[in-house]
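# Descriptive structure summary
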Amino acid sequence: MTGPASTPSAPAARPWSITVRLLLGLALCLLLVELLLQAFIPELAAAPLWGGVLRLVAVLPLFAWCAGRALAPLRLLEDELNAGEAGSAPRPVPAELQPLSDAVHGVLAHQRAATEQQRRFLADASHQLRTPFAVLRTQLQGAMSGQLEVKDTLPKMLATVDRSSELVRQLLSLAKVEQLVAQAHWQEVNLEAVAQSVCLEFGPLLARKRLDFSFESVPVRLTTDPWMLGELLRNLLSNAIHHAPRGSALGMVVRVLPDQAELLIWDNGGGIDAAVMDRLFEPFQSAAGGTGIGLGLSICRQIAESMQAQVQLFNRVQDDRVVGVDAVVRWNLAPAGAGGSHA
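Residues numbered from 1 in each chain as written. Predicted model: local features only at pLDDT ≥ 70, side-chain atom pairs only at ≥ 80, totals over all residues. Heavy atoms only, no water.

Below, the discussion takes up helix H9 (residues 226-243). End to end, H9 covers 26 Å across 18 residues, agreeing with the expected 26 Å (1.5 Å per residue, within 8%). Where H9 is concerned, the buried positions are Met-228, Leu-229, Gly-230, Glu-231, Leu-232, Leu-233, Asn-235, Leu-236, Leu-237, Ala-240 and Ile-241. The backbone nitrogen of Trp-227 lies 3.0 Å from a side-chain oxygen of the residue at the head of H9, namely Asp-225. (Helix = DSSP H or I, 4+ residues; strand = E, 2+ residues; numbered from the N terminus. Expected span 1.5 Å × (residues − 1). Buried < 20%, exposed > 50% of the residue type's maximum accessible area, 1.4 Å probe, protein only. Polar contact = N/O pair within 3.5 Å; in protein donor to acceptor, adjacent residues only side chain to side chain.)

Dropping the structure here:
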């Protein structure tokens with residue numbers, strides 16, 4: 001059932017400029033006081049001292065009233081914001097207040113969007129946490145009741161716990177990234193040294209999957225947070241190891257292009273469907289096209305944006321066949337003598 005069609009209302013006229021209101025009010029006050037003084041007490045008005053005092057005493061209250069009327073749009077804007085009406089269309093305001101009104105409504109709109117995004121994220125996170133715990137409870141009950149074989153159930157329970165632990169770790173990592181971005185305590189960091197440290201950290205996992213790992217690097221200095229840079233590399237390398245087949249090749253390259261520094265992590269995992277590649281940087285998206293528990297690429301994008309870098313995924317093609325994925329992060333290099341990232 002639809003309501004009656006509303007007739008379009010005429011656009012509201014913009015209120016007069018506050019400056020014009022004040023000037024007109026002052027002029028009218030001076031004119032009115034002068035006329036009253038000349039009409040009722042012309043002798044006293046002609047006296048230099050007392051005439052000036054009378055004019056000042058008479059003009060001040062009138063001008064205060066006119067100023068209050070002229071500044072009424074400020075109170076209307078204040079009442080609108082206090083009443084929580086910022087989501088509605090902004091009311092017409094004088095020209096002097098238009099930039100302030102636009103800025104306030106823009107900030108509030110940005111806050112509403114951020115709050116809504118955070119609400120959706122928390123809803124997704126709570127759902128993703130409930131699911132593995134419900135599975136874990138079912139597995140435990142089945143093992144306790146004898147419906148499931150303990151030796152077969154325990155490895156599945158361990159996998160469920162690992163899955164939940166990884167999600168919690170990523171949630172904590174995301175919170176720390178947001179905190180560090182807000183603090184913005186940047187320092188010069190050697191990308192090559194951080195990359196070497198991350199590769200050593202993942203050595204046992206690379207050995208467990210028997211991956212043929214290669215590392216190539218040149219010194220590159222970036223202005224960022226060392227923990228955030230390491231977290232960016234950890235998430236990209238972890239994602240590559242996860243998708244790389246056992247015994248396949250995988251590598252990391254740090255190099256300098258003519259005007260950019262580039263980090264490349266490649267694998268031979270068979271590639272990603274192009275239809276879902278862009279969505280993989282959104283929270284809880286999987287390469288299969290459905291929802292997953294992953295936050296790693298979402299964290300990578302947030303870290304990259306804080307460093308004015310770009311992170312992208314590309315399918316690598318050999319002999320007309322997609323053989324793997326290249327995860328690429330690029331930093332624009334500052335000219336010599338300028339601030340920012342540099343090699």
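Having seen the model, we can carry on.
What follows covers the side chain of Arg-316. Tracing the backbone through its elements, the reader meets Arg-316 in strand S6 (residues 309-318). Here the side chain of Arg-316 touches Asp-326 through a polar contact of 2.7 Å, side chain to side chain. What Arg-316 contacts, discounting residues up to four positions off in sequence, is Trp-266, Asp-267, Asn-268, Arg-321, Val-322, Val-323, Gly-324, Val-325 and Asp-326. (Contact = heavy atoms within 4.5 Å.)

Within strand S4 (residues 249-256), 6 of the 8 residues are buried, which leaves the element mostly enclosed by the surrounding structure. The pairing of strand S2 (residues 212-216) with S4 spans 5 bridges and is parallel. Across the sheet, Phe-215 pairs through a bridge with Met-252, a residue of S4. Summarising the sheet, S4 and strand S5 (residues 260-267) pair through 7 bridges and their orientation is antiparallel. Across the sheet, Val-256 pairs through a bridge with Ala-261, a residue of S5. Counted along the chain from S4 to the antiparallel partner S5, the turn is 3 residues long. (Pairing = 2+ DSSP bridges.)

This part takes up the nonpolar core. Within the largest apolar cluster, 47 residues are counted, with the highest numbers of intra-cluster contacts made by Leu-229, Leu-232, Leu-233, Leu-236, Leu-263, Leu-313 and Trp-331. Considering every element that reaches this core, the biggest residue donor is H9, with 8 residues. Not counting residues up to four positions away in its chain, the partners in contact with Leu-263 are Leu-233, Leu-236, Met-252, Val-253, Val-254, Ala-327, Val-328, Val-329 and Trp-331. (Core = buried A, V, L, I, M, F, W, Y, C linked by side-chain atoms within 4.5 Å.)

All right, on to the confidence of the model for the protein then. In this model, the protein carries a mean pLDDT of 76, and residues with pLDDT of at least 70 account for 67%. In the model, residues 1-13 has pLDDT below 50 throughout and makes 2 contacts with residues more than four positions away in sequence or in other chains. Residue range residues 289-293 is modelled with pLDDT below 50. Its contacts to residues more than four positions away, or to other chains, number 16 contacts. (pLDDT = per-residue confidence, 0-100.)

Before going further, it helps to spend a moment on the packing of H9 against helix H11 (residues 296-306). H11 packs onto H9 with a crossing angle of 145° between their chain directions and a minimal axis gap of 9 Å. The chirality of how H9 crosses H11 is left-handed. Taking contact as the criterion, the partners of Met-228, Glu-231, Leu-232, Asn-235, Leu-236 and Asn-239 in H9 are, on H11, Gly-296, Leu-297, Ile-299, Cys-300, Ile-303 and Ser-306. (Axes fitted to C-alpha atoms, helices over the stretch in contact; angles between N-to-C directions. Left-handed = near helix turned anticlockwise from the far one by under 90°.)

This part is about the sheet that holds S2. Sheet architecture is open: 5 strands sit in the order S2-S4-S5-S7-S6, paired in mixed fashion. At either end of the open sheet lies a strand with only one pairing partner, and these are S2 and S6. Strand-to-strand twist of the sheet, defined as the mean angle between neighbouring strand axes without regard to direction, takes the value 15°. In terms of strand pairing, S5 meets strand S7 (residues 321-332) through 7 bridges, oriented antiparallel. Following the sheet pairing, Leu-263 is matched in S7 by Val-329. Strands in contact with H9 are S2, S4, S5, S6 and S7; relative to S5, the strand with the most contacts, it is inclined by about 30°.

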